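# Structure assessment
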Amino acid sequence: MALIELVTVTKEYRSDHVSFAALHEINLSIEKGEFVTIMGPSGSGKSTLMNIIGLLDRSTSGKYTLDGREVQKLGDRALARERNENIGFVFQTFNLLPRVSVLDNVLLPLIYSRKKIGNRGDRAKEVLGQVGLSHRLHYRPNQLSGGEKQRVAIARALVNKPTLLLADEPTGNLDSKTGQEILKLFQDLHKGGSTVILVTHDSGVAAAAQRIIKIQDGQIEGRTSKESTPPTTTLEPVHPKKVRL
Amino acid sequence: MFFGALKMAFTSIAAHKARAFLTTLGVIIGVSSVITLLAIGEGLKNDVKQTVGNFGSQVFFVIPGDLGAFTSGGRTTTANPANFISGDILTTKDVAAIRRLRGVEKAFPVTIIPETVRKDGQPSSAMLAATEPGALGIFPAVTLSDGRDITSLDSNDNVVVLGDRPAEQLFEDDNPVGDTVTIGQETFTVVGKLTAPESIGALTGSDFENISFIPFDTGTRLIGNEQIHRIGVKAEDGFDSKNVAEAVREDLATRHEEGDVSVVTPDDMLDLLSSLLSTVASAVSAIAAISLLVGGIGIMNIMLVSVTERTREIGIRKAVGATKWAIMIQFLIEAIVVSAIGGGLGLGLAMIGVVIVDLKTALVPAITPFMITLAVGVSVGVGIIFGLAPAISAARKDPIEALRYE
């Protein structure tokens, strides 16, 4: 069974009798453990698709099944719980809370969680160790480099052991070397068993994934399987240890 | 989640200390003014209670004037306030009539003599009262420490029983009994010395240390005519002083117009004070309520600003799984914390005010647990009432829009 199953999903925005379809009858299936990129130019609908997959937004019509559960008609509270327990977000602009420490930023999802994951502090430190930031626990975000900020965001996304990792242009605000390091981290997470969906407009970044889903004008153009071809970007190992969820 | 929200509230307040302080100013002023007033009122009540306790429970007074005008909810009255100090309303006939009533052990006139007791030209703080023998027994707390009380044999003689403080002022450690003092132009022999009670009210209690007695007829001669300012009455043991006071009231009504005289029991004195205090408290509470309203609006305003400033934070929290309820509680807790800090500072300011009043006046204001509960309750209430709208506005934010907010 697929982790994500979208059937004829449409998203329309309506205002004053004018409607605009940001997504048009999308059919999409992503298996558990896949590393997929959704690639498209600005305004293609990729972010809208990510928001729907990430349960931040609802489709106008169609059916969305996440890990066997039909999430289309869930209420706000249930959607919040799904986001908290099953989805980890990584944003282009990091979106860390500026006034609290790295550790507190990573602990944030656990404040709202009912999942039993043992000692919360230990868990937060563990994922910060996985992204190589054990030495920055009590730093504030403004004391970190861009790459470090994105690592904190990744640690925050991982802390509640989600089934799905969603990243929206995660390398967009980073220099190319740091961007490569972050992509390597996603690859390592994928190798560790995580399902990763990465949204980007950059074909170089998209190539880091197993499969590329191209989107244009709110419709999926075609699918590229890269499993038989080598990645176009060369990724150097960042961490000697294997990253696992 | 609660502690997380509490921690976040303090972090957020710490990031804007000056703004938070200015926001709480209204709450600080409102809470401190109410608590200071209540503490002073409590001090006054304690003071009067102590003073009343120095009269026996069986003692009450007849005074000229209409006290009811002040204790019956401010009803309109034609009573003349000057009657309270009039010496022409009560007469020796009243004293005699009261003495004949069932249940009255003794009744005696009291005339305040507006003269200073001096020794070799040096004045004292004596409060001179002309009365009849046995009046001393009405104050169980004031006792004779030296010499003797006024007797019927002293009638119209120049003798005085000196109070504790004037005796000390005029004779220091010497025994004044047998010595002389000057009252007006006349020389008086000190026949007795009084000791004031150890536990006395700071404000009204000083009268017990200063009161000094001369014979009633001597007093009448000194001021040139017969005047009675008060009639002290002691009910017999075994009689309810309230019933005796009622009998006195009925008797006085046969000779005086309604509103000319009042019978004041210790309970009436406490009622009068409570009535006066509640009037003042109502006025100050109204001012404090306005201050709290302004403070509350300040809190609401700053919380709305905070919600706007932290729109992206709200988006992040929603993305990682915060429900609307969780967001609302977080901002509500922040408003409550800001307001409660104001309440705490207001309480602290009131405590400083109380210490100043204590040091600078004879009054000892008291802050009770009720007042602390009130301060906390009011400030938390203001936080909830005025923090709710911003908190709801935060909770309703769309996560996608919030995440895009610059």
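## Focus: the overall build of chain A
When helices and strands are tallied, chain A shows 7 helices and 10 strands. What you see for chain A is a C-alpha radius of gyration of 18 Å, in line with the 18 Å of a compact globule of 245 residues. Dimensions along the principal axes, computed over C-alpha positions, put chain A at roughly 55 × 40 × 35 Å. Each of the 245 residues in chain A was classed as buried or not, and the buried ones make up 47%. Of the contacts formed within chain A by residues at least 6 apart in sequence, a portion of 71% connects residues at least 24 apart.

## Description of the overall build of chain B
The number of helices and strands found in chain B is 13 helices and 12 strands. For 406 residues, the compact-globule formula gives about 22 Å, and the C-alpha radius of gyration of chain B, at 31 Å, lies well above that figure. Principal-axis analysis of the C-alpha atoms places the extent of chain B at approximately 100 × 50 × 35 Å. Taken across its 406 residues, chain B has 43% of its residues classed as buried. Long-range pairs, those at least 24 residues apart, make up 83% of the contacts in chain B between residues at least 6 apart in sequence.

## As for the interface of chain B and chain A
On the chain A side, the residues contacting the 19 residues of chain B number 20 residues. The set of elements that each furnish at least two residues to the side of chain B that touches chain A consists of helix H1 (2-15), helix H10 (311-319), helix H11 (324-360) and helix H13 (399-404) of chain B. Sort the elements by how many residues they give to the side of chain B that touches chain A and H10(B) lands first, with 5 residues. When the residues that make up the side of chain B that touches chain A are grouped by side-chain class, the tally is 10 nonpolar, 5 polar and 4 charged.

## Looking at the nonpolar core
Of all hydrophobic cores here, the largest spans 121 residues; its most connected members are A:Val106 and A:Ala155. No other element matches the 15 residues that H11(B) contributes to this core. Dropping the residues within four chain positions of it, A:Val106 is found in contact with A:Ala124, A:Val127, A:Leu128, A:Val152, A:Ala155, A:Arg156 and A:Val159. Among the nonpolar cores identified, the runner-up in size contains 49 residues, and B:Ile63, B:Ala107, B:Leu170 and B:Val261 belong to it.

## Considerations on helix H6 (residues 176-191) of chain A
Side chains that are three or four residues apart share a direction in an α-helix, a result of its 3.6 residues per turn. Residues and elements named next belong to chain A. Between its terminal C-alpha atoms H6 stretches 22 Å, which fits the 22 Å expected from 16 residues at 1.5 Å a residue. Those residues of H6 not exposed but buried are Gly-179, Gln-180, Glu-181, Ile-182, Leu-183, Leu-185, Phe-186, Gln-187, Asp-188, Leu-189 and His-190. On its buried side, H6 packs onto strand S3 (35-39), helix H5 (146-158), strand S7 (164-168), strand S8 (195-200) and helix H7 (203-206). Following H6 by one or two positions, Gly-193 adopts a phi angle in the positive range, close to 115°.

## Looking at the confidence of the model for chain B
Residues and elements named next belong to chain B. Overall, the prediction assigns chain B a mean pLDDT of 85, with 91% of residues at 70 or greater. For chain B, per-element mean pLDDT is lowest for helix H3 (residues 68-71), which scores 58, and highest for H10, which scores 95. In the model output, the complex is listed with pTM 0.72 alongside ipTM 0.88.

## Things to note about the environment of B:Phe61
Residues and elements named next belong to chain B. Structurally, the position occupied by Phe-61 is in strand S1 (residues 59-64). Separated by 102 residues in sequence, Phe-61 and Gly-163 place their C-alpha atoms 21 Å apart. If we skip the residues at most four places from it in the chain, Phe-61 touches Arg-230, Ile-231, Gly-232, Val-233 and Val-264.

## Quick look at unusual backbone geometry
All names here are of chain A. A positive phi angle, close to 45°, is found at Glu-25, a residue other than glycine. With 15 C-beta atoms counted inside 10 Å, the residue Glu-25 sits in the partly exposed group. A positive phi angle is found at Lys-161, which is not glycine, with a value near 50°. Tracing the sequence through the fold places Lys-161 in the loop between H5 and S7. By C-beta crowding, Lys-161 is classed as partly exposed, having 15 other C-beta atoms within 10 Å.

## Notes on the environment of A:Glu12
All names here are of chain A. As for its placement among the helices and strands, Glu-12 is situated in strand S1 (residues 4-15). As for Glu-12 and Ser-61, which are separated by 49 residues in sequence, their C-alpha atoms are 8.7 Å apart. Once residues lying within four places of it in the same chain are set aside, the contact partners of Glu-12 are Ser-19, Phe-20, Ala-21 and Thr-60.

## Here's the deal with the sheet that holds strand S2 (residues 18-30) of chain A
All names here are of chain A. Here we have 4 strands laid out as an open sheet, ordered S2-S1-S4-S5, and antiparallel in their pairing. Edge positions in the open sheet fall to S2 and strand S5 (69-70), since each of these has one partner strand only. Here 9 bridges tie S1 to S2, and the two strands are oriented antiparallel to one another. Bridge pairing in S2 links Arg-14 to Ser-19.

## Details of the environment of B:Thr189
Along the polypeptide, B:Thr189 turns up in strand S9 (residues 186-195). Taking C-alpha positions, B:Thr189 is 74 Å from B:His16, a pair spaced 173 residues apart along the chain.

## Description of the packing of helix H9 (residues 266-309) of chain B against H11(B)
All names here are of chain B. Where H9 contacts H11, the two axes come as close as 10 Å, and the packing angle between them is 140°. Judged on the interaxial angle alone, H11 and H9 are oblique. Considering only the axes of H9 and H11, their crossing is right-handed. Together, Gly-295, Ile-299, Met-303 and Val-307 of H9 and Phe-331, Glu-334, Ala-335, Val-338, Ser-339 and Gly-342 of H11 make up the contact between the two elements. Grouping the constituent residues of the contact of H9 with H11 by class yields 6 nonpolar, 3 polar and 1 charged.

## Comments concerning the packing of helix H3 (residues 102-111) of chain A against H5(A)
Residue and element names in this part refer to chain A. Two numbers describe how H3 lies on H5: the axes approach to 7 Å, and their chain directions differ by 30°. Between H3 and H5, the angle is such that the two are roughly parallel. Both H3 and H5 take part in a crossing whose hand is right-handed. Every residue of H5 that contacts H3 at Val-102, Asn-105, Val-106, Leu-108 and Pro-109 is listed here: Val-152, Ala-155 and Arg-156. Considered class by class, the residues forming the contact of H3 with H5 number 6 nonpolar, 1 polar and 1 charged.

## With respect to the pairing of strand S4 (residues 61-66) of chain A
Residue and element names in this part refer to chain A. Both S1 and S4 contribute to a ladder of 5 bridges, which runs antiparallel. In the sheet register, Glu-5 faces S4, and the bridge partner there is Thr-65. Examined bridge by bridge, S4 and S5 share 2 bridges and lie antiparallel to one another. Paired with Thr-65 across the two strands is Glu-70, which belongs to S5.

Scoring rules and cut-offs
Residues numbered from 1 in each chain as written. Chains lettered and ligands numbered in written order. Predicted model: local features only at pLDDT ≥ 70, side-chain atom pairs only at ≥ 80, totals over all residues. Helix = DSSP H or I, 4+ residues; strand = E, 2+ residues; numbered from the N terminus. Rg over C-alpha atoms; globule rule 2.2 N^0.38 Å. Buried ≥ 20, exposed ≤ 12 C-beta atoms within 10 Å, placed from the backbone. Contact = placed C-beta atoms within 7 Å. Nonpolar A, V, L, I, M, F, W, Y, C, P; charged D, E, K, R; others polar. Core = buried A, V, L, I, M, F, W, Y, C linked by C-beta atoms within 7 Å. Expected span 1.5 Å × (residues − 1). pLDDT = per-residue confidence, 0-100. Pairing = 2+ DSSP bridges. Axes fitted to C-alpha atoms, helices over the stretch in contact; angles between N-to-C directions. Parallel < 35°, antiparallel > 145°, perpendicular 65-115°, else oblique. Left-handed = near helix turned anticlockwise from the far one by under 90°.

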